[in-house]
Amino acid sequence: MSQQDKIDMVTGIGWFKGTCVGNTPAINSINYPELCLQDGPLGVRFGKSVTAFTPGIQAASTWDLELMRQRGAYMGAEARGCGVHVLLGPAAGALGKIPQGGRNWEGFGVDPYLAGLAMHETIEGIQSAGVQACAKHFIVNEQEVGRETMSSNVDDRAMHELYLWPFADAVHANVASVMCAYNRVNGTWACENDKAQNGLLKGELGFQGYIMSDWNAQHTTEGAAAGGMDMSMPGTDERFENLLWGPQLDEALNKGQVSPARVDDMAQRAQVQANHKENVRAVARDGIVLLKNDEGMLPLKKPARIALVGSAAVVNPDGMNACEDKGCNKGALGMGWGSGSVEYPYLVAPYDALKERTEADGSKLSLHSSDSTDGVASAVADADVAVVVITADAGEAYLTVEGHVGDRNHLDPWNNGNELVQEVAAVNRNTIVVVHSVGPIILETILATPGVKAVVWAGLPSQENGNALVDILYGVTSPSGKLVYTIAKKPEDYGAAVAKGDDDFAEGLFIDYRHFDNAGIEPRYEFGFGLCKFPSSII
C-alpha cells in the first residue's frame, strides 16, 4: 500500500458523511471496502427492522453467561445484516463508581470481574457473526458532566484492579478495536496517553487491534500518533473542521514528526477481518430482581381486579421512538438516552402485556396512565392489587432531559414517584412497586410506606418491557436476577458523586460494595441481592 492508502485506512471521512456514524474510504489498491462503524452497545442505532436489545446493565443482572453470549451473537448477526463492519460496543466504561453516572446503564455494573466476564462473552458473541466489536470507553470515563475537559486522576492499583480489568477480558476475547475516551487520564488526554494506550493496553495487555478515538476526542496529530491512537473518528468535528489525521498526518510524516513505522502499525492493526426477540425477553426477564415480597404477594394467581398506575405503564403517547436518541423520560422506559440507544422495532409496555394476561384470565384491568396523584385514589381503591410503575433515567451529555445533563442530579425516582406510591398504597394495601431504572435509586420512602407489599426491580428491559414483567409477576418464571450495584439508604453512603472539574479518584479501590464494606455502612440492598423463590400465591 502507498503512504496515502495507509493514512486513508485510519482516517474517517467526516462527521455523518457516510452511511454510518463513522466511515473510512475504500482502499481500491487492495480491494479494501469502505469501513462502516456504527453504534452501539444495544444493537444497530438508526437501523430499521432491527432489535432493540436489552442494555448491558440488564444483561449483567441475569448473571447468565450463555444469555450474554447469545445476546452478543444476535447483535453481531443484525449488524452484519445491516452492512456494519464495526459495532461500537460493548462498554466497560463507565464502570459505575458514581451511582448518578449518566452512562452506567450501557455497561455491566460496578464489579470488574462480572463486567469482564460480560465483556468477554459479548465480544465473542458479536465477533462470531463476522463483525468487529469495539470495547469502550478507554478509560476511567466515569461521568458525563465535564467529560471533555476533566482529568480522571487514578492511582496504579485502582487502575489495574478496577478499571482496566474488564478491558483485559476484552483483549483476551480478541476484541478487534478499543475506543479511547474524551477525558484526560492523570492529566493527559486519553487518546494521546502513552501510559494508558501503549503502556497498559498494547503493552501489559498485549492488545493487537486498533484504538479509535471517540467522536472528536482527538486533540493533536503528533501527540495522538505517539500516544498510541490508531484511527481518527469520525475524521472531523460536527462543523467538518478539526481535521487532525488525513493530510495533517501525511504532513507530520513528511516532516519526520511521525515515523513511517508508526503509520504502518496503524494500518496493520486496522486490517482485521434469527429470532432475536426471544433473547431480549429472556434477558429482560432474567435480569429482573425481586427486592421485597411480603406476605407472599407474588406471584399473582388470578386477581379479579388489577389497577395499573404510572406514565411508564404505557408507550409514550407521542410514539415509542418520538424522542431523539431516547432523550426524554415519557412513557415506558426500556433504555437510557444517547448514542448507545437504538430505535424500538416495537415496544410492549406493562399495560399491553397485563391487558393480554388479564383478558385471558377473565380479570378486570384499570389504568391510571399519569404520574399525578389527582384521582389516583379512586382508580385503585377497589382493586385487589395495585401495580405502580416508577422510573429513573440518565444518558449522554449531548442531551439534557428534565435538567439532567447526562448524569443524574439526584437518586430519587423521577416524575413524582415517591408521592405516587404513597398515594396509591394509602388506599390499596396490596401495592406492588415496579422500578424501571438506569441505576440505583433511594427506596427508603417507598419501603417505609404501609401497603407496599412487593418491590420488583425491573431495570431496563427494552422492547420486551411488559412481557418480561408479566412473566415475573405471574410466576411464569421464578425471579433469578441479582443486583449489579448496591442500593444505599441515602446518597451520601456511596462516597462518590459527580465531580465539578477534575476527579482525583480519592476513593481508590473502594467503590460501591467495597466502600460500604470498608466504611462499615449497612446498605439497603447489597450488591448481588435478589430474592429467588416464590411462596404460594395469595391473590
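Residues numbered from 1 in each chain as written. Predicted model: local features only at pLDDT ≥ 70, side-chain atom pairs only at ≥ 80, totals over all residues. Heavy atoms only, no water.

### Re the packing of helix 12 (residues 350-361) against helix 16 (residues 465-473)
Helix-helix packing is characterised by the crossing angle of the two axes and by the distance between the axes. Between helix 12 and helix 16, the least distance of the axes is 7 Å, while the angle of their chain directions is 50°. Looking at the two axes, helix 12 sits oblique to helix 16. In the crossing of helix 12 with helix 16, the sense of the turn from one axis to the other is right-handed. On helix 16, the residues touching Pro-350, Ala-353, Leu-354 and Arg-357 of helix 12 are Asn-465, Gly-466, Asn-467, Leu-469 and Val-470. Classifying every residue of the contact of helix 12 with helix 16 by side-chain character gives five nonpolar, three polar and one charged. (Axes fitted to C-alpha atoms, helices over the stretch in contact; angles between N-to-C directions. Helix = DSSP H or I, 4+ residues; strand = E, 2+ residues; numbered from the N terminus. Parallel < 35°, antiparallel > 145°, perpendicular 65-115°, else oblique. Left-handed = near helix turned anticlockwise from the far one by under 90°. Contact = heavy atoms within 4.5 Å. Nonpolar A, V, L, I, M, F, W, Y, C, P; charged D, E, K, R; others polar.)

### Considerations on the environment of Asn-321
Tracing the sequence through the fold places Asn-321 in the loop between strand 11 (305-309) and helix 12. Along the backbone, Asn-321 and Arg-514 are 193 residues apart, and their C-alpha atoms lie at a distance of 39 Å. The residues touching Asn-321, leaving out its near neighbours within four places in the chain, are Lys-326, Glu-343 and Tyr-344.

### Side note on the packing of helix 3 (residues 65-81) against helix 11 (residues 277-286)
Orientation of helix 3 relative to helix 11, taken along the N-to-C sense of each, is 145°, at an axis distance of 10 Å. In this structure, the crossing between helix 3 and helix 11 has a hand that is left-handed. Contact residues: helix 3 offers Leu-67, Gln-70, Arg-71 and Tyr-74, while helix 11 offers Asn-279, Ala-282, Val-283 and Asp-286.

### Comments concerning the state of the cysteines
Joining two cysteines, a disulfide is a covalent bond between their sulfur atoms. Applying the stated rule across the entire model yields three disulfides. The partner cysteine of Cys-20 in its disulfide is Cys-36, sulfur to sulfur 1.9 Å. The sign of the S-S torsion, about -85°, decides the handedness of the disulfide formed by Cys-20 and Cys-36: left-handed. Linking Cys-20 in the loop between helix 1 (3-9) and strand 1 (22-23) with Cys-36 in strand 2 (residues 36-39), this pair joins segments that are 16 residues apart in sequence. Under the relative-accessibility criterion, Cys-20 is labelled buried at 7%. Bridging Cys-180 to Cys-191, the disulfide has an S-S length of 2.1 Å. Taking the torsion about the S-S bond as the criterion, the Cys-180 to Cys-191 disulfide, at about 105°, is right-handed. (Disulfide = S-S within 2.5 Å. Buried < 20%, exposed > 50% of the residue type's maximum accessible area, 1.4 Å probe, protein only.)

### Brief notes about the layout of surface pockets
With a probe scaled to a water molecule rolled over the atoms, the places where space remains empty come into view. In this structure, the largest pocket encloses a volume near 550 Å³. Forming the boundary of the largest pocket are 26 residues, of which Trp-15, Arg-147, Tyr-182, Trp-215 and Tyr-398 lie nearest the centre. Class assignment for the residues of the lining of the largest pocket results in nine nonpolar, three polar and 14 charged. (1 Å grid on protein atoms, 1.4 Å probe; cavity = no way out; pocket = protein on both sides within 12 Å on 5 of 7 lines; lining within 4 Å. Points joined across faces, edges and corners; volume = space filled by probe spheres on them.)

### Topic: the nonpolar core
Counting 140 residues, the largest nonpolar core has Tyr-163, Met-212, Leu-291 and Trp-457 as the members making the most contacts within it. Counting residues per element, this core draws most heavily on helix 4 (residues 112-127), at six residues. Apart from the residues lying within four places of it in its own chain, the contact partners of Met-212 are Leu-37, Val-86, Leu-88, Cys-134, Ser-177, Val-178, Met-179, Cys-180, Met-229, Met-231 and Met-233. Core analysis: the next-biggest nonpolar cluster, separate from the first, contains 30 residues, Leu-290, Ala-312, Leu-469 and Tyr-474 among them. (Core = buried A, V, L, I, M, F, W, Y, C linked by side-chain atoms within 4.5 Å.)

### With respect to the packing of aromatic side chains
This model, assessed by the stated rule, comprises ten aromatic pairs. For the pair Trp-15 and Phe-16, a centre-to-centre distance of 6.4 Å together with 55° between the ring planes defines the contact as tilted. Under the relative-accessibility criterion, Trp-15 is labelled buried at 17%. Phe-16 gets classed as partly exposed once you look at its relative accessible area, which sits at 44%. Ring centres of Trp-457 and Tyr-485 lie 6.3 Å apart, and the angle between their planes is 70°; this geometry places the pair in the edge-to-face category. Placement of Trp-457 in strand 17 (residues 452-457) and of Tyr-485 in the loop between helix 16 and helix 17 (513-519) is noted, with a sequence separation of 28 residues between them. For the pair Trp-457 and Tyr-485, a shared accessibility class is recorded, and that class is buried. Members of the aromatic cluster, joined through ring pairs, are Trp-15, Phe-16 and Phe-46. One cation-aromatic arrangement involves Lys-97 over Phe-505; the distance from NZ or CZ to the ring centre is 3.9 Å. Just above the ring of Tyr-344 sits the side chain of Lys-326; from NZ or CZ to the centre is 4.9 Å. (Phe/Tyr/Trp six-rings, centres within 6.5 Å; stacked < 30°, edge-to-face > 60°. Lys NZ or Arg CZ within 6 Å of the ring centre and 35° of its normal.)

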